[in-house]
Amino acid sequence: MSTSLLWQRWLALAALAVTLPLGFSGAVNWLFLLPLAGVGLALLFSRTVYPPLPAWVENLLAPLILLAALAAGGLRFGILRPVANLLVLLTAVRLWGGAPRPRRYTVLALLAVLNAAGVASSTHPALVLYLVVGLAALTFATAQLLPLELGQRLGGAAPRGQPPWRLWLATTALALAVGAPLFVLFPRLRSPFAAAGMGARPISGFREAVSLHQLGEIKTSRRPMLRVRFPDQAEVNPQWLRFVGATLSHYRAGRWLEGRRQVQRGDLPILRGDQVGVRAEFSLEQTSDRLFLPPGARRLVPPEVEVWLDGAEAVRIPRGLVPPIAYQVVFDPSGVYTRPPGDEDLAVPISRPALERLAQRVTEGHQGAWAKAKALETYLQANYRYSTRTLAPLRADPVEWFLWTSREGHCEFFASAMVLLLRAQGIPARLQTGFAGGQDLGNGEFLLRDANAHAWVLAFVNNRWHIFDPTPPEGQPAAELGRSAWDWRAIWARLGEIWDRWIITFSLADQLDVLLAVWAKVRRHWLWIAVAGLVALAGVAVAVLSRRWRPRPQARLTLSPLGRSLWQLARLAGWEEGALHHATPTKVLETLLLRLERSRATCQWLFLVHQQVTYGLVQPPGARQLRRALREVRGELVAYRRQGSTPPPGEG
Amino acid sequence: MPWPAALEWRFPGFALAPTRGFWWFLLWVGLVGLAALNTGNNALYMLLAISLGAFVASGVLSRHSLGHLRAEATWPAEVWAGAATRVTVAVTNNSPWLPAWAVVCRLEGLPGGTVLPMIPPRQAAQGVVVTRFSRRGLYPRPALVVEVRAPLGFFVKALRFSSEGDLLVYPQLVAAGVPRFVGTPQGTRELGAGKTQRGGEVELLREFRPGDDVRDVHWKQTARQGRVIVMERKDRERHLRFLVLDPHVRDPDNPTTRQRFDDLVAEVASVARKLIQQGHAVGLVVHPTVVPPAWGIEHLRQILTLLALVEPRRGVVGVPFSLQGEHAVYRLGESS
């Protein structure tokens, strides 16, 4: 296999590996990854080295690539996505014929960038396996290609072979051993120049302002967001797992938002509420500008910072607090506490007649606001499909588009539609966003992730607010309850939780905690640590010294048969094994000739032949001839030894 | 080298040079580090940590590998300027567990090198470095440089094994024609008893004596009789011939002049070798040194040694003494 073919295959393998995190994390659409994967597979199994595409072909592909990126949404969903799409397609084009020397470095650079983007988008525990296998493969590839490149450069035969497994295994193991503490020790300081959101994030998660146009295709994120614990409850009702982030009443051109005109500071009523109800302890795992409370929150014990209420009735906290952010709430499980309804809760700024007709048709035969609300809820659940891929066109209103064109969407579309339909029936309604469901961690504790972000409806029925959830069941975040501790899913979930807690969300606070805990342990057990250290040091010293004092076996030289025979002659003449390793043939011959008379010429001939054979100048003579010559010299040396003593070679 | 040397951060003969891959790696680490710090993304921190871990691992293992290598070079008996010189290098890996991978052996200051793909732990490997001396002369024996790049090739780590002694490089062999000798031919017979010279008819076969030319060994008889038999050739009258090299030039410091002088020396050396191989008695005169005509490989080496070391000097040529015998004079045209 030529060096170029080897390069081609390794680059193809790298391209295939890079598609994994990009695809599974959702950073790049699978459609865009297909060309890269296809080219990678074609190159991996090919037996010929492909030349690069002609320049005119690449020039022709350039506008097509641009068009593809635009067709995928362009800058509508931010700049990062189209850039990633462009890079992937560009890499696919450059990968073809990427083995030759100047081009392969471009391909390597592109793959490195894509790899970093894919890794950065991943939160799954399999990321560790990906990085470890990737490192091992990189070490193997480098070890395989290095001697080939060197051989070509030096002009000799390119040495081939598999790298020794010890080398790449040791490299991988040592890299992990060094990398693990580095990961813990790297300072988790968010840069003041942290990139702000450059467009809507196309991943699941809570958003303060719901913009139905910009949602696009949502990828589920497993990033932990919120922990809730119900310390006083033996059993937890799944209905309790709903936590409000914002209550929105104003809908304009596809957006739900509230202004800051009703900011309330100071002595908030919720801080003085009664303590009758269910107590819950919260911990925000990410930086946040608000606290998420149950709809029936009565009393809040906030973190030790200033809190205030904004126009969306959210309890706000200062940004930049280092998570975890802890607070406690006492809430009424059956209550929904929000401001009384107003005119804004009946406003229908779009297609009121159409909405009225639809609402009328759906609620026909149902009496009372409660029945109508339930009818609308059931209608949306049954007649519309849940989908995370919604691309509402800019020209149309997204709720109208959802109700009459696409007939599919995610929770915010369902909730928005129901709110407007209720309002068309004269029932005050609001949109609430927050989190729902969660993963049961046992002991009354639940973990909510970005994927648990949800939107639902508040409807003012029978003089009080009620919660309605028109999203189909498959789109509602589920509450996973009551798993056995030994269920393999629970174990995997537990591992995932540990991964999420200590790797993905490892923060500066965690770092300090770890270092302080280590320091505390050291201070507490310093004597034992010192003793163990001394014992370890003594053990190392003993091992090293014993190696030094032990006679080291000489390295085995690779000798030809004639060389071995001459070696034996030299030993017969009195040469020590160790001295022979540092002697030259000329020196050995000189000492042999001193001991020989009849077979001097033969001995000279043997050394001359050995020299010529070593340098590849002649073929070795016949074995019979060599044996005869060696026998002659050996015989005379043995006779010489029997006669008397002369100083061994090298002495005197 | 005793084991404490392995603990030194820098040990004698060690050299370190970054490769292009190191600079690219530096850029990579900078960008990933900046992105990680800017975003607080722990996955990027993980990538950064593993990258730096790989860097450290590569450094430690290559250092370990290099620290346990010992190398020795074996030079051929004759080294000619301009000709490929095959130097055997033997590298020993004293590491108890780690194989040495992709070890490059070079000669310091000389072109060429060889790659030893793998040297298992506690074993040795041999290779041949084909190099070339551009010019004749006496050189300090070049040091052997052993380089290690594996496993990841961020640095070229080299260890220098110096050799004692000098190396004499004979003049370059060129295709030179036999000159036209001038002067009165002077003959000679066999020089001393027991010395036979090549070229004459085979007169008899006898046992080998020290000093005999190994090319006169009769291998068939040797094999048959079990002792070395040589052919004694008939005496014949041989002419004494001198090659005279005039080292005087007008401008010895001029590079062109030196190159032309080297070419001249190469021609003289080639002619001398050719004549001696043909069995002629050839002497050399390089003012003021005179090497009387003789035969044999040792005499040739004597002539070649003188020619290897001769340097041009400023001056005017003169006939050094009255040469008895035929001679051919070699001089550069610009000398006067």
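As the structure is a computational prediction, the values presented were derived from the model and not from experiment. (Residues numbered from 1 in each chain as written. Chains lettered and ligands numbered in written order. Predicted model: local features only at pLDDT ≥ 70, side-chain atom pairs only at ≥ 80, totals over all residues. Heavy atoms only, no water.)

Participant: Report on the confidence of the model for chain B, specifying residues and quantitative values.
Facilitator: Residue and element names in this part refer to chain B. Of the residues in chain B, 86% reach a pLDDT of 70 or more, and the chain-wide mean stands at 83. Counting contacts from residues 1–9, a segment whose pLDDT is below 50, to residues more than four positions away or on other chains yields nine contacts. Confidence drops under pLDDT 50 across residues 188–197; counting only partners more than four residues distant or on other chains, this segment forms 23 contacts. Quick note on the complex model: pTM equals 0.59, ipTM equals 0.73. (pLDDT = per-residue confidence, 0-100. Contact = heavy atoms within 4.5 Å.)

Participant: With reference to specific residues and values, describe the packing of aromatic side chains.
Facilitator: Residues and elements named next belong to chain A. All told, the structure shown has 31 aromatic pairs over all chains when counted by the stated rule. Between Phe-24 and Trp-30, the aromatic rings sit 5.6 Å apart at their centres with planes inclined by 85°, giving edge-to-face as the arrangement. On the accessibility criterion, Phe-24 (67% relative accessible area) is exposed. Judged by its relative accessible area of 41%, Trp-30 is partly exposed. Through a chain of ring-to-ring contacts, the aromatic side chains of Tyr-379, Tyr-384, Trp-401, Phe-402, Phe-413 and Phe-414 assemble into a single cluster. The ring centre of Phe-183 lies 4.6 Å from the NZ or CZ of Arg-188, which sits over that ring. (Phe/Tyr/Trp six-rings, centres within 6.5 Å; stacked < 30°, edge-to-face > 60°. Buried < 20%, exposed > 50% of the residue type's maximum accessible area, 1.4 Å probe, protein only. Lys NZ or Arg CZ within 6 Å of the ring centre and 35° of its normal.)

Participant: Give me the lowdown on the pattern of salt bridges, citing residues and values where you can.
Facilitator: This structure, assessed with the given rule, holds 36 salt bridges over all chains. The partner of Asp289(A) in a salt bridge is Arg290(A), with the nearest N and O atoms 3.1 Å apart. By the burial criterion, Asp289(A) is buried, and Arg290(A) matches it. With a shortest N-O distance of 3.2 Å, Arg301(B) and Glu298(B) are connected by a salt bridge. Linking Arg301(B) with Glu298(B), this pair stays in helix α6 (residues 297–309), spanning three residues, or about one helical turn. Residue classification places Arg301(B) among the partly exposed residues on the basis of a relative accessible area of 28%. Here the salt bridges do not stand alone but share partners, grouping Asp289(A), Arg290(A), Asp310(A), Arg316(A) and Arg319(A) into one network. (Salt bridge = Lys/Arg side-chain N within 4 Å of Asp/Glu carboxyl O. Helix = DSSP H or I, 4+ residues; strand = E, 2+ residues; numbered from the N terminus.)

Participant: Which residues make up the sheet that holds strand β8 (residues 137–140) of chain B, and what values go with them?
Facilitator: All names here are of chain B. The three strands lie next to each other as β3-β11-β8, forming an open sheet whose pairing is mixed. Each having just a single partner strand, β3 (79–80) and β8 make up the two edges of the open sheet. Bridging between β3 and strand β11 (residues 166–170) involves two bridges; their strand directions are parallel. Within the sheet, the bridge partner assigned to Val-79 lies in β11 and is Val-169. Relative to the sheet, α6 contacts β3, β8 and β11, its axis offset from that of β11 by approximately 100°. (Pairing = 2+ DSSP bridges. Axes fitted to C-alpha atoms, helices over the stretch in contact; angles between N-to-C directions.)

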